[in-house]
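Notes for the structure review
One letter stands for each residue in the lines below.
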Amino acid sequence: MQNTELVDLTGKQEKQDKLDRRYLRMAAVWAENSYCKRRQVGALIVKDKMIISDGYNGTPSGFENVCEDENSKTKPYVLHAEANAITKVAKSGNSSENATLYVTASPCIECAKLIIQAGIVRVVYSEDYHSSDGKNLLERAGIELKYICLQEEN
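Described below are features of the structure shown in this document. Sequence order as written defines the numbering, with residues in each chain counted from 1. Selection of residues for local features in this predicted model requires a pLDDT of at least 70, selection of side-chain atom pairs for listing and counting requires 80 or more, and totals for whole chains, interfaces and linings are taken over all residues. Side-chain numbers here rest on the full set of heavy atoms in the structure, without hydrogens or water.

1. A few points about the state of the cysteines
Convention followed: Note on terminology: pairs of cysteine sulfur atoms within 2.5 Å are recorded as disulfides. Helix and strand assignments follow DSSP, with helices taken as H or I runs no shorter than four residues and strands as E runs no shorter than two, numbered in order from the N terminus. We call a residue buried when its accessible area falls under 20% of the maximum for its residue type, exposed when it is over 50%, and partly exposed in between, using a 1.4 Å probe and counting protein chains only.
Tallied over the full model, the rule gives 1 disulfide. Covalent S-S linkage joins Cys36 and Cys67, the inter-sulfur distance amounting to 2.2 Å. The disulfide joining Cys36 to Cys67 has a torsion of about -75 degrees about its S-S bond and is therefore left-handed. Here Cys67 lies in the loop between strand 2 (50-56) and helix 2 (81-92) and Cys36 lies in the loop between helix 1 (3-31) and strand 1 (42-47), a separation of 31 residues in the sequence. Cys36 sits in the buried class, given a relative accessible area of 6%. Left unpaired, Cys108 is separated from the closest cysteine sulfur, that of Cys111, by 3.8 Å.

Right, dumping it as structure tokens:
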């Protein structure tokens, strides 16, 4: 590789890193829309530098905006941010094929399956979910995972 090609590649990587951080911060702001008390998660699906979908964790449309039961346990029908973003893009007629998912917490196993089926090729996240099963499945599927710590930016 010649020096100019290496400089171009490094410049592209720096640009992509800046974009990744920016979209991940936007997902963190979007998470604030969640009514969940235990954990608020936000997600954006980006394709060709355009946000094509967004989501946050919460109850299905038409349900009360209460995510936890009287014992502070998450209700079983609460949707994760990734699931909300993926179903929203499916309803919109846009394609998530070759898109990037920005999500504030790494995906669980159920969301990982949806990500694979949606054709998403990259997942950028800022904190770990309590189980690494979702990340392991995404790696097995050849999906690029990128961790970015947003704490240091505050």
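2. Some remarks on the nonpolar core
Definition in use: Residue types Ala, Val, Leu, Ile, Met, Phe, Trp, Tyr and Cys, when buried and joined through side-chain atoms within 4.5 Å, form a set referred to as a nonpolar core. It only takes one pair of heavy atoms within 4.5 Å for two residues to be counted as in contact.
One finds Ile45, Leu101, Val103, Ile115, Ile120 and Val123 to be the most contacted residues of the largest nonpolar core, which totals 20 residues. For this core, the elements supplying multiple residues, two or more each, are strand 1, helix 2, strand 3 (100-103), helix 3 (109-117) and strand 4 (122-125). At 4 residues, the largest contribution of residues to this core is made by helix 2. With near-sequence residues (within four places) excluded, Ile45 lies in contact with Met50, Ile51, Ile52, Ser53, Ala85, Ile86, Val89, Ser96, Ala99, Thr100, Leu101 and Ile120. In this structure, Leu24, Ala27, Val46 and Ile148 belong to the second largest nonpolar core, which totals 10 residues.

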